[in-house]
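Residue-level structural notes
As a plain string of letters, each chain reads:
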Amino acid sequence: MRILKRILFALLILVLALGITGFIGYTYFDNKFLSFEDDYEENIDLETIELNGYEFIDRNGNGELDVYEDDRLPIDQRVADVLVQMTIEEKIHLLKGSGIASAMGQTIPGGIPGAVGTIVPTPRLGIPTVFLSDGPAGLRIEPIREGEDRTYYCTAFPIATVMASTWNEELVFQVGNAMGTEAKEYGIDVILGPGANIHRHPLNGRNFEYYSEDPLVSGKMGAALINGIESNGIGTSVKHFVANNQETDRAFNDVIVSERAMREIYLKGFEIMVKEAQPWTIMSSYNKVNGTYASESEYLLTEVLRDEWGFEGLVMTDWFGGRNAPAQISAGNDLLEPGTKKQWDALIEAHEDGSLSEDTIDRAAGRILTLIFKTRKMQNYTYGNNPDLEAHAAITRQSAAEGMILLKNESVLPLKDTKNVALLGVTSYGFIAGGTGSGDVNEAYTVSLEEGLRNSGFQINEAARKAYNAHEAANSDAFVKPEGMDAMFNPFTPPEIDYTADQLASIVASADVGI
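So, how was this worked out
Residues numbered from 1 in each chain as written. Predicted model: local features only at pLDDT ≥ 70, side-chain atom pairs only at ≥ 80, totals over all residues. Heavy atoms only, no water. Helix = DSSP H or I, 4+ residues; strand = E, 2+ residues; numbered from the N terminus. Rg over C-alpha atoms; globule rule 2.2 N^0.38 Å. Buried < 20%, exposed > 50% of the residue type's maximum accessible area, 1.4 Å probe, protein only. Contact = heavy atoms within 4.5 Å. Areas by Shrake-Rupley, 256 points an atom, 1.4 Å probe, with all protein chains shown as cover. Lys, Arg positive; Asp, Glu negative; His and termini not counted. Charge placed at Lys NZ, Arg CZ, Asp CG, Glu CD. Pairing = 2+ DSSP bridges. Patch = residues over 30% accessible without salt bridge, like charges linked within 9 Å, V, L, I, M, F, W, Y side chains within 5 Å. Salt bridge = Lys/Arg side-chain N within 4 Å of Asp/Glu carboxyl O. Core = buried A, V, L, I, M, F, W, Y, C linked by side-chain atoms within 4.5 Å. Phe/Tyr/Trp six-rings, centres within 6.5 Å; stacked < 30°, edge-to-face > 60°. Lys NZ or Arg CZ within 6 Å of the ring centre and 35° of its normal. Axes fitted to C-alpha atoms, helices over the stretch in contact; angles between N-to-C directions. Left-handed = near helix turned anticlockwise from the far one by under 90°. Nonpolar A, V, L, I, M, F, W, Y, C, P; charged D, E, K, R; others polar. Parallel < 35°, antiparallel > 145°, perpendicular 65-115°, else oblique. Polar contact = N/O pair within 3.5 Å; in protein donor to acceptor, adjacent residues only side chain to side chain.

What follows covers the overall build of the chain. Helix and strand counts for the chain stand at 17 helices and 14 strands. In terms of overall size, the chain behaves like a compact globule, its C-alpha atoms giving a radius of gyration of 26 Å where 515 residues would be expected to give roughly 24 Å. C-alpha atoms of the chain, sized along the principal axes, occupy 80 × 80 × 55 Å. Counting over 515 residues, the chain shows a buried share of 49%. A separation of at least 24 residues holds for 73% of the contacts in the chain among residues at least 6 apart in sequence. Only carbon and sulfur atoms are counted for the fraction: they give 53% of the accessible area of the chain, which is about 25200 Å². The positive charge centre, built from 41 side chains, and the negative charge centre, built from 75, are 5 Å apart in the chain.

What follows is the structure in structure tokens.
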């Protein structure tokens, strides 16, 4: 009995220790990554007033028309005026996002669950929150919201590699326009895409987000998408600048590359996009380039991107990218995403010790404010949450079809006297619709190959279908598709079908063609 009491007491101590450790861990995580913006809640109670026949939003509540409140004036004048009115604390605060709460589905009133990042508000001056959303193949926001009986689905457009295979810039512009329309309807201000990295290695896990191994094709297609999105007054963020051509150890990888290869291959697509589309933002990459983190490289972010190419927008980090926040700001990386308390503290300390000058802070803050003033948020736009998903599905169908390229036709197409189609292999019945992570989209539905063929009047071969059904039943656990964050770390890879000779003979005897 005494031994049992000791065991129970030890278990109680262990449970208490685990509980205390968990509480301390959560509190630390919450304070450093989630809830460190308590004094900067957006001011949404702004009054519209009229002076001398001109109606405007009195953002700072002083009853007067400040230069930055006058949307008849050029943006650079308005930004200069608001910078003068901001305190150094407010300027530094603007240089990092508000944390990852939004991406985790937590949000403030008026926020957008699933928006992966923000540009923070400046409540004293009535500067609003700006919402950033993945991604390159369509918006990625939460489709279902607690307490609401409606949904917020988005269109899953073809991946970038398929879009590049259309060779159709006008069609890619239409896709971008549809993406921008959905962002505008759902209150998103900046879409984090397109991806512009080169298909350097076939095992790169994010090749699907990128266009091509050819920088000219990448640049032209990316520029078309950017122009389509930004025609709606919605910003883009071209990523990942630069030479981010592998996912393995991406935060530690040091890309050793010659100047010629860098210029002719890895930079060229970005250069075309900048010169032909002038995106609102560019996202720096995780990796080092010739020994220096890309987000801390003044050569790449200032000398090449701005001085040589004339880029006018801001540069933001990839999520948690880089190591030294003050060095990033000094190099020309203006915005740190998603933002952490550690970065905020480091920027304050660097300013106080003189290593981060107010001129450098003003430069970054001015670029961020320029983007904010471009957004529809500053135009008091009311979004409707009702994009035309049916029209966008038609655009998706057209672009997917044009992206399918037959390299060699050995009397296969067009199909003649063909009615019964045998679908072979696992993914013939269950498509992997797009990628995971930032390339994922919460779409309302997908159309499988089987459904598409049936919709087009074809018959699906029963012998092949029966073989698939038996295989799925025998491996039921492997056919459960992971969702959301789980899909990033546990890819859907059910075992392939090992057809027997009898099964194949039955399929061949009853089908006109096999896919």
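Here strand β8 (residues 281-284) shows a buried face lined by Thr-281 and Met-283 and a second buried face lined by Ile-282 and Ser-284. Strand direction decides the pairing type here: strand β6 (residues 235-241) and β8, joined by three bridges, are parallel. If you follow Ser-237 over to β8, its bridge partner there is Thr-281.

A word on a nonpolar patch on the surface. Among the surface-exposed residues, Ile-3, Leu-4, Ile-7, Leu-8, Leu-11, Leu-14 and Leu-18 lie close enough to one another that they form a single nonpolar patch of about 710 Å² accessible area. Looking at the secondary structure, you find Leu-8 in helix α1 (residues 2-34).

For the rest of this paragraph, the subject is the nonpolar core. The biggest cluster of nonpolar side chains holds 54 residues, and the ones touching the most others in it are Phe-241 and Val-242. Contributions of two or more residues to this core are made by α4 (160-164), α5 (169-186), α6 (215-230), β6, α7 (259-266), α8 (268-277) and α9 (298-308). Tallying contributions element by element places α6 first for this core, with seven residues. Beyond its immediate stretch of four places on either side in the chain, Phe-241 contacts Leu-267, Phe-270, Ile-282, Met-283, Ser-284, Ser-285, Ala-294, Leu-300, Leu-301, Leu-305 and Trp-309. In this structure, Leu-94, Ile-127, Ile-368 and Met-378 belong to the second largest nonpolar core, which totals 43 residues.

What follows covers the packing of aromatic side chains. Scanning the entire structure with this criterion turns up seven aromatic pairs. With centroids separated by 6.0 Å and ring planes inclined at 55°, the aromatic side chains of Tyr-152 and Tyr-186 adopt a geometry described as tilted. With a gap of 34 residues between them, Tyr-152 in the loop between β4 (130-134) and α4 and Tyr-186 in helix α5 connect regions that are remote in the sequence. Overall, Tyr-186 belongs to the buried group, its relative accessible area being 2%. Summarising the aromatic geometry, the rings of Tyr-429 and Tyr-468 are spaced 4.3 Å apart at their centres and angled 15° between planes, so their arrangement reads as stacked. Residue Tyr-429 is found in the loop between β12 (420-422) and α14 (449-455), and its partner Tyr-468 is found in helix α15 (residues 462-474); the two are separated by 39 residues along the sequence. Judged by relative accessible area, which is 7%, Tyr-468 ranks as buried. Taken together, the ring pairs connect Phe-241, Phe-270 and Trp-309 into an aromatic cluster. Across from the ring centre of Tyr-152, 4.2 Å away, lies the NZ or CZ of Arg-150, which sits over that ring. The aromatic ring of Tyr-381 is capped on one face by Arg-376, whose charged end is 5.1 Å from the ring centroid.

Read from one edge of the open sheet, three strands run β13-β12-β14, paired in parallel fashion. In this open sheet, the two strands that pair with only one neighbour each are β13 (459-460) and β14 (513-514). By the bridge criterion, two bridges tie β12 to β13 in an arrangement that is parallel. Note on β13: the bridge partner recorded for Val-421 is Ile-460.

Following both chains from N to C, one finds α6 and α8 inclined at 35°, their axes separated by 8 Å at the closest point. Remark: the crossing between α6 and α8 carries right-handed chirality. The residues of α8 that touch α6, namely those facing Pro-215, Leu-216, Ser-218, Gly-219, Lys-220, Gly-222, Ala-223, Ile-226, Asn-227 and Glu-230, are Lys-268, Gly-269, Ile-272, Met-273, Glu-276 and Ala-277. Residues that form the contact of α6 with α8 fall into these classes: seven nonpolar, five polar and four charged.

Turning next to the packing of α15 against helix α17 (residues 501-510). α17 packs onto α15 with a crossing angle of 150° between their chain directions and a minimal axis gap of 8 Å. With respect to α17, the axis of α15 lies roughly antiparallel. Only Gln-503, Ser-506, Ile-507 and Ser-510 of α17 make contact with α15, whose side of the interface consists of Ala-463, Ala-464 and Ala-467. Of the residues belonging to the contact of α15 with α17, the class tally is four nonpolar, three polar and no charged.

What follows covers the pattern of salt bridges. Considering all chains together, one arrives at 22 salt bridges under this definition. With its nearest N and O atoms 2.7 Å apart, the salt bridge here joins Asp-189 to Lys-377. One end of the pair, Asp-189, is in the loop between α5 and β5 (190-192); the other, Lys-377, is in the loop between α12 (358-374) and α13 (389-402), and 188 residues separate them in sequence. Overall, the relative accessible area of 4% leaves Asp-189 in the buried class. Here Glu-450 ties to Arg-465 by a salt bridge, and the two come within 3.0 Å at their closest N and O atoms. Of the two residues, Glu-450 sits in helix α14 while Arg-465 sits in helix α15, which places them 15 residues apart along the sequence. Classification of Glu-450 as buried rests on a relative accessible area of 9%. Each of the salt bridges in this network shares a partner with another, and the network as a whole consists of Arg-206, Glu-209, Lys-239, Glu-247 and Arg-250.

Looking now at the side chain of Thr-236. Inspection of the secondary structure assignment puts Thr-236 in strand β6. Classification of Thr-236 by relative accessible area gives buried; the value is 0%. Within the structure, the side chain of Thr-236 is placed 2.8 Å from the side chain of Glu-230, a separation counted as a polar contact. Look past the residues within four positions of Thr-236 in its chain and what remains in contact with it is Val-190, Ile-191, Gly-193, Ile-226, Ile-229, Glu-230, Pro-279, Trp-280 and Thr-281.

Looking now at the sheet that holds strand β10 (residues 292-293). An order of β7-β9-β10 is seen for the three strands of this open sheet, with the pairing classed as mixed. Edge positions in the open sheet fall to β7 (254-255) and β10, since each of these has one partner strand only. Pairing analysis gives two bridges linking strand β9 (residues 288-289) to β10, with the strands arranged antiparallel. When the sheet's bridge partners are listed, Val-289 is paired in β10 with Thr-292.

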